[in-house]
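The chain contents come next:
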Amino acid sequence: MANNITPEEIIKKGKLVFSKTALMTDKVLSYCPGCGHGVVHRLTMEVIEEMGIQDKTIGVAPVGCSVLAYEFMNIDMQQAPHGRAPAVATGIKRAFPDKFVFTYQGDGDLAAIGTSETIHACNRAENIVIIFVNNGIYGMTGGQMAPTTLEGMKSSTSPYGRDIEMMGHPIKITEMVAGLPGVCFATRQAVHKPGLVRKTKKAIRKAFENQRDKKGTSIVEVVSNCNSGWKMTPVKSNEWLEENMLSFFPLGDIK
Amino acid sequence: MNEVKLMKGNEAIAEAAIRAGVDVYFGYPITPQSEIIEHLMLEKPHERTGMVVLQAESEIAAINMVYGAAACGKMAMTSSSSPGISLKMEGISYIAASELPCLIVNVVRGGPGLGTIQPSQSDYFQAVKGGGHGDYRLIVLAPSTVQEMADFVELSFELAFKYRNPVMILSDGIIGQMMEKVVLPPQRQRLSDEEVERRYKSWATTGKTADRERNIITSLELKPERQEQHNINLQDKYKKISENEIRYEEFNCEDADYIFVAFGSSARICQKAILIGKEEGYNLGLLRPISLWPFPSNIINEIADRVGGMLVVEMNAGQMVEDVLLAVNGKVKVKHFGRFGGMIPSPREVFIAIKQKIIGGKNGK
Ligand SMILES: Cc1ncc(C[n+]2csc(CCOP(=O)(O)OP(=O)(O)O)c2C)c(N)n1
Ligand code: SF4
């Protein structure tokens, strides 16, 4: 009977099946319940902990919902102007080539205002990791259209759905940069199911190993939900993601 | 021991940067300052000192690379000219807000817009009043010789690290392009990575080690009370800089009847105008602000007690004159004389201007 088991017994060594990585702080996440950002944070910190590189890692937070990533990640971090994280990371990596440097960016940050920095950092083969959370919308500013918003998808600046003729096509930037010789690894993952979470972690690990081995730029795109911006419950948003996002943004390694 | 060379102002800055032990330079070509990155590339600083020089994809990228490197405690710099400096402004505001040390060089050309590649001083307001968004200040140094172009590099980094504040060298196309004799500073060794990590342990992001808390470089503060406190702290720092870092040069200000106030290449022109005046029987002087921010207001106010008037000569439509007017506070007549859009006033033009606008009367006195 569950009633007879004390909490102390539950968290006894040996019975413990999961614990939070020490590289996540105790600060309560500012993300909406059900949002994918928190999972991607945890996976990134787990990889850094498992590789034992906390003392050599500098992260770059973007402008977007994850602007406060430095509150949750127990590592040295810089907060970059909107879209400029790959340039900031370039500055860090060129100043300290033996450190591990990663950016953590949303789709507006990476694929709209920061497209130039993304492409040129990749083209220079900057030896960094780019973690790219694609939720098809501008979460932080209240659900405006992103460069990745799907055709027909509603947002506060495409209230009748994205009209391709007027607003252009959604952009597949990971495929675009995969075509650059500076990129050694480009992959698209998701975190709305346990199996996919494990795969995403593997991809992040591979990206950091590429950096260790000085192979060039690695980009890990994570197709994620924005239940608040999409105006859905978390469960519904994950279903919607599965049904709509993944056909346009198919999962798997691109390069 | 010191090397003497004939160099362009832009080349002197580049060479001085290598010799000062600068760690990283990021820039994007624009006339009239491209010789800075060209000289750096030619000199192979990577072999000489280990300095990294990278041509960025834009001025925006370049200033953000500076941000990243400066936040690691490295000596980081960029250079550009007016339109490029406008593009850097968001980044400069972040750097000032995050209290990072770095050097930004503006070799000013005429504006607004794409303007002209000819020299100008029309970015004075942008440099000394902030330029980007928010309440912040850059320390701004205005060289008037090629020698000062070289000397101010090391001075800039000294001030930048002393106050953890960005420093701007506000030059112009004349000084950037002209060749003069320059005594080059001796080569300083770059700090080792370990030394940088040790020295700036309290703030630089170099990787969180077990013996310290994590370092975070950010300019975001969502709580208004804390953001106000951050602003108050910045203002306190700016006050300290204003008290300690004012630099200027006086020419004959002790007994001149009238003076020019001018910075950079305009000051050189005024020096010639003083000589013309002397030949014609006028006793003129010059106060040359070297630090444009903090501005040498006190000395200008003192001089106002003993001269008959001041002519502010600038290659713009009247910018520094506002600070001179504030400093003089109505004590004495202050007028502006300017050429702009890339035009350079001649010494005689300037001399005639002080006669007409300030000295007045039949023959001045
Ligand atoms: C220069 C600048 N322009 C605009 C903004 C406003 N802004 C903040 S976050 C954001 C969009 C972020 O969306 P995304 O990158 O997709 O990240 P998400 O919030 O969805 O995680 C915008 C436009 C800003 N802070 N700075
Ligand atoms: S607004 Fe969207 S992206 Fe931002 S935290 Fe909420 S669910 Fe996540």
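See above for the structure.
Presented here is a report on the structure given in the accompanying data block.

1. Overview of the overall build of chain B
Looking only at helices and strands, chain B features 14 helices and 15 strands. Taking 365 residues into account, the globule formula puts the C-alpha radius of gyration at 21 Å, and chain B, at 21 Å, falls close to it. Projecting the C-alpha coordinates of chain B onto the three principal axes gives extents of approximately 75 × 50 × 40 Å. The buried share among the 365 residues of chain B stands at 59%. Restricting to contacts in chain B with at least 6 residues of sequence separation, those with at least 24 account for 79%. Of the roughly 14,500 Å² of accessible surface on chain B, 50% is carried by carbon and sulfur atoms. Computed over 41 positive and 45 negative side-chain charges, the separation of the two mean positions in chain B equals 2 Å.

2. Some words on helix α6 (residues 115-123) of chain A
Among all positions in α6(A), only T115(A), E117(A), T118(A), A121(A) and C122(A) are buried. Positive phi appears at A125(A), one or two residues downstream of α6(A), with a value of about 55°.

3. What about the layout of surface pockets?
Gaps left between atoms are located by rolling a probe of water-molecule size over the structure's atoms. Taken as a whole, the largest pocket encloses approximately 630 Å³ of empty space. Taken together, 23 residues make up the lining of the largest pocket; nearest its centre are E71(A), T218(B), L220(B), E221(B) and R226(B). Broken down by class, the residue content of the lining of the largest pocket amounts to 9 nonpolar, 6 polar and 8 charged.

4. Observations regarding the pairing of strand β3 (residues 100-106) of chain A
All names here are of chain A. Of all 7 residues in β3, 7 are buried, a share of seventy percent or more. Side chains F100, F102, Y104 and G106 project from β3 onto one buried face, and the interleaved V101, T103 and Q105 project onto a second face that is buried too. Direction of pairing for strand β1 (residues 57-61) relative to β3: parallel, over a ladder of 4 bridges. Its bridge partner lying in β3, V60 is registered against T103. As judged from the 5 bridges shared by β3 and strand β4 (residues 129-134), these two strands associate in the parallel manner. Of the residues in β4, the one forming a bridge with T103 is I130.

5. Considerations on the packing of aromatic side chains
Under the criterion given, the structure shown has 11 aromatic pairs over all chains. On the numbers, 5.0 Å between centres and 90° between planes, the contact of F248(A) with F249(A) is edge-to-face. Look at F161(B) and Y200(B): their rings are 5.2 Å apart centre to centre, the planes differ by 35°, and that puts the pair in the tilted class. With a gap of 39 residues between them, F161(B) in helix α7 (residues 146-163) and Y200(B) in the loop between α9 (193-199) and β9 (216-217) connect regions that are remote in the sequence. Residue F161(B) shares its accessibility class with Y200(B), and that shared class is buried. Taken together, Y124(B), F125(B) and F263(B) form an aromatic cluster joined through their ring pairs. The ring of F96(A) has K99(A) lying over it, and the distance from NZ or CZ to the ring centre is 5.0 Å. In this arrangement the basic side chain of K74(B) is found over the ring face of F96(A), its NZ or CZ atom lying 4.3 Å from the centre.

6. Here we look at the side chain of N64(B)
Residue placement: N64(B) occurs in helix α4 (residues 59-70). Residue classification places N64(B) among the buried residues on the basis of a relative accessible area of 1%. Apart from residues no more than four positions distant in its own chain, N64(B) is found in contact with P81(A), R84(A), A87(A) and V88(A).

7. A word on the site of ligand 2
Lining the immediate surroundings of ligand 2 are Y31(A), C32(A), C35(A), H37(A), C65(A), N135(A), G139(A), C226(A), N227(A) and S228(A). Looking at the shell around ligand 2 residue by residue, the classes come out as 5 nonpolar, 5 polar and no charged.

8. Things to note about the environment of R162(A)
Residue and element names in this part refer to chain A. Looking at the secondary structure, you find R162 in the loop between β6 (144-145) and α7 (164-167). The exposure class assigned to R162 is buried, which follows from its relative accessible area of 6%. Sequence separation between R162 and M145 is 17 residues; the distance between their C-alpha atoms is 7.9 Å.

9. Considering the pattern of salt bridges
By the definition in use, this model includes 44 salt bridges over all chains. Between E50(A) and K201(A) there is a salt bridge; the shortest N-O distance is 2.7 Å. Here K201(A) lies in helix α9 (residues 194-212) and E50(A) lies in helix α2 (residues 37-51), a separation of 151 residues in the sequence. Close ionic contact of R212(A) with D213(A) constitutes a salt bridge, the shortest N to O distance being 3.1 Å. Residue D213(A) is classed as partly exposed on the basis of its relative accessible area, which comes to 41%. Within the structure, one salt-bridge network assembled from shared partners comprises E3(B), K5(B), E15(B), R19(B), E43(B) and R48(B).

10. Considering the site of ligand 1
Residue and element names in this part refer to chain A. Around ligand 1 there are 17 residues in total, and C65, G108, D109, G139 and M140 lie nearest to it. H37 is positioned such that a nitrogen or oxygen atom in its side chain is 3.0 Å from an oxygen atom of ligand 1. A distance of 2.8 Å is found between an oxygen atom of ligand 1 and a backbone nitrogen or oxygen belonging to C65. Look at ligand 1: alone it shows 600 Å² of surface, and the protein chains cover 77% of it. Sorting the residues of the shell around ligand 1 by element identifies α5 (107-113) and β5 (137-138) as the ones contributing at least two each. Per-element accounting of the shell around ligand 1 gives the leading share, 4 residues, to α5.

11. Looking at helix α10 (residues 224-244) of chain B
Between its first and last C-alpha atoms α10(B) spans 30 Å; for 21 residues at 1.5 Å apiece the expected length is 30 Å, and the two agree. Looking at the buried positions of α10(B), the neighbouring elements they touch are α5 (82-97), β6 (139-141), α7 and β13 (291-293) of chain B.

Parameters at a glance
Residues numbered from 1 in each chain as written. Chains lettered and ligands numbered in written order. Predicted model: local features only at pLDDT ≥ 70, side-chain atom pairs only at ≥ 80, totals over all residues. Heavy atoms only, no water. Helix = DSSP H or I, 4+ residues; strand = E, 2+ residues; numbered from the N terminus. Rg over C-alpha atoms; globule rule 2.2 N^0.38 Å. Buried < 20%, exposed > 50% of the residue type's maximum accessible area, 1.4 Å probe, protein only. Contact = heavy atoms within 4.5 Å. Areas by Shrake-Rupley, 256 points an atom, 1.4 Å probe, with all protein chains shown as cover. Lys, Arg positive; Asp, Glu negative; His and termini not counted. Charge placed at Lys NZ, Arg CZ, Asp CG, Glu CD. 1 Å grid on protein atoms, 1.4 Å probe; cavity = no way out; pocket = protein on both sides within 12 Å on 5 of 7 lines; lining within 4 Å. Points joined across faces, edges and corners; volume = space filled by probe spheres on them. Nonpolar A, V, L, I, M, F, W, Y, C, P; charged D, E, K, R; others polar. Pairing = 2+ DSSP bridges. Phe/Tyr/Trp six-rings, centres within 6.5 Å; stacked < 30°, edge-to-face > 60°. Lys NZ or Arg CZ within 6 Å of the ring centre and 35° of its normal. Near = heavy atom within 4 Å. Salt bridge = Lys/Arg side-chain N within 4 Å of Asp/Glu carboxyl O. Polar contact = N/O pair within 3.5 Å; in protein donor to acceptor, adjacent residues only side chain to side chain. Expected span 1.5 Å × (residues − 1).

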